[in-house]
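Geometric and topological summary
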Amino acid sequence: QAKAAGKGCFNFYSAEMTKRQEHRLDLEIALRQAVEEGQFLVYYQPKKSTSANRVCGFEALVRWQHPRLGLIPPMDFIPLAEEMHLVDRIDLFVMRQACRKGRIWREEGHDITIAVNLSGVNFSADDLPGQVAKVLEETGFPAEYLELEITESFVIDLAVDKREVLQRLRALGVRLSIDDFGTGYSSLSYLKRLPVNTLKIDRSFVRDIARDSRDMMLVSSIIGIAHSLGLKVVAEGIEDTDQLGILVSLECDEIQGYLIAKPMPADMAGVFLDGASADNVTTPI
Ligand code: C2E
Ligand code: MG
Ligand code: MG
Ligand code: MG
């Protein structure tokens, strides 16, 4: 009897495990197919310049348009894509789409930049700078308006030979931005060695900035250091006017967050851009 129960128990867990493995396998097959077919949508979240009080750019953020499951957020498939060595193809897909749109918006007279996220895994892929150069050539988007966001934790771990990849990207004329800045828990000395242009302060520092004076001091210091090194500072995750007021007073260069707009599909971003340049009362700065 006991043996039977034990066996039943074992079967239960093994069935559960098999199910999970099957789910993962399904997801892997679906993701591979998604990459083949380009089942991805690019959403755009505006960034505003605090000094000029205008929309100065968009960050491109990928979503997977799964045929059955609908829109899947990046956090639910980018890590798997990284493991499967598919993320470079996704990132280049997003870059191509966003540069195409960016070129159209610029030709319409909007002075905007386009930022895309690059997984650190890409730095081991074949000739990343060459691939980026190809996208720029194909889309006709000017390199100096393209910003590549790389997360801080990755940049810190970057081996010396991979740092050369950053130099080669900079040599194309694109800008480099350290994303989620402040979460890497590292000495800041790497900032002087890396050819980066922008620090993007992580949302976790912005969240309590109006309530927690320590967060405010941290952000104030980061902005001070960045400016003294000649770097631009972007703050992400601004959700209310208190946070906005503080960041403006700290002379943060650009701001991004739900207060200005959530990420949106390309057609809506175009409408947003036209509206924003038609009148500047859309957001309270
Ligand atoms: P991230 O690059 O730090 O992007 C910011 C994330 O915060 C976005 O989530 C955005 O929708 C969200 N966000 C923006 N403003 C606010 C706000 O005011 N409040 C809150 N609560 N959230 C805000 P999303 O689109 O889900 O992207 C999550 C992460 O996935 C990104 O973080 C980025 O690391 C990664 N990711 C997105 N697109 C790509 C891509 O094309 N390639 C790669 N490799 N990673 C991507
Ligand atoms: Mg980003
Ligand atoms: Mg970020
Ligand atoms: Mg982030």
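Report on the accompanying structure. Since we're looking at a predicted model, the values are computed, not measured.

Thresholds, definitions, all that
- Once a new chain begins, its residue numbering starts again from 1 and follows that chain's sequence as written.
- A letter from A marks each chain and a number from 1 marks each ligand, given out in the order of writing.
- A pLDDT threshold of at least 70 governs which residues receive local features in this predicted model, and a stricter bar of 80 or more applies before side-chain atom pairs are shown or counted, although totals over entire chains, interfaces and linings include all residues.
- By convention in this description, side-chain values take in all heavy atoms of the structure and omit both hydrogens and water.
- Each Phe, Tyr or Trp ring, with Trp reduced to its six-membered ring, pairs with another whose centre is within 6.5 Å; inter-plane angles below 30 degrees give stacked pairs, above 60 give edge-to-face pairs, and intermediate values give tilted ones.
- Only runs of H or I of at least four residues qualify as helices and only runs of E of at least two qualify as strands under DSSP, and these elements are numbered from the N terminus.
- Throughout this description, buried means an accessible area under 20% of the type-specific maximum (1.4 Å probe, protein chains only), exposed means over 50%, and partly exposed covers the range between.
- Cation placement over rings: the criterion is NZ of Lys or CZ of Arg within 6 Å of the ring centroid and within 35° of the ring normal.
- Under the rule applied, a polar contact is a pair of N or O atoms within 3.5 Å (in protein, one hydrogen donor and one hydrogen acceptor; residues adjacent in sequence only if both atoms are side-chain atoms).
- Contact definition: two residues touch when any of their heavy atoms are within 4.5 Å.
- Only nitrogen, oxygen and sulfur atoms count as donors, using a 2.8 Å cut-off from the metal that widens to 3.2 Å for Na, K and Ca. Water is left out, so coordination shells may look unfilled.

**Details of the packing of aromatic side chains**
Applying the stated criterion across every chain yields a total of seven aromatic pairs. Ring plane angle 70 degrees and centroid distance 5.6 Å describe the contact between Trp 64 and Phe 77, whose orientation is recorded as edge-to-face. Taken together, the residues Trp 64 in strand E2 (residues 54-66) and Phe 77 in the loop between strand E3 (70-72) and helix H2 (78-83) connect sequence positions 13 residues apart. Of the two residues, Trp 64 and Phe 77, neither departs from the other in class, the shared state being buried. Taking the ring centre of Tyr 43 as reference, the NZ or CZ of Arg 63 above it sits at 5.1 Å.

**Observations regarding the side chain of Gln 45**
Mapped onto the elements, Gln 45 comes out in strand E1 (residues 40-49). On the basis of relative accessible area, Gln 45 is assigned to the buried category, the value being 8%. A distance of 2.9 Å separates the side chain of Gln 45 from the side chain of Gln 256, its partner in a polar contact. Contact partners of Gln 45, with chain neighbours within four places excluded, come to Gly 57, Phe 58, Glu 59, Leu 61, Gln 256, Gly 257, Tyr 258, Ala 261, Lys 262 and Pro 263.

**A short note on the coordination of the magnesium ion (ligand 2)**
Taken together, Glu 59 (OE), Asn 117 (OD1), Glu 149 (OE) and Asp 179 (OD) make up the full set of protein donors to the magnesium ion (ligand 2), lying 2.0 to 2.2 Å away. For the magnesium ion (ligand 2), all donor residues lie on one chain, and their spacing in sequence is E-x57-N-x31-E-x29-D. Taken as a pair, the magnesium ion (ligand 2) and the magnesium ion (ligand 3) show a spacing of 4.0 Å, with Asp 179 coordinating each metal. With a gap of 62 residues between them, Asn 117 in strand E4 (residues 113-117) and Asp 179 in strand E6 (residues 175-181) connect regions that are remote in the sequence.

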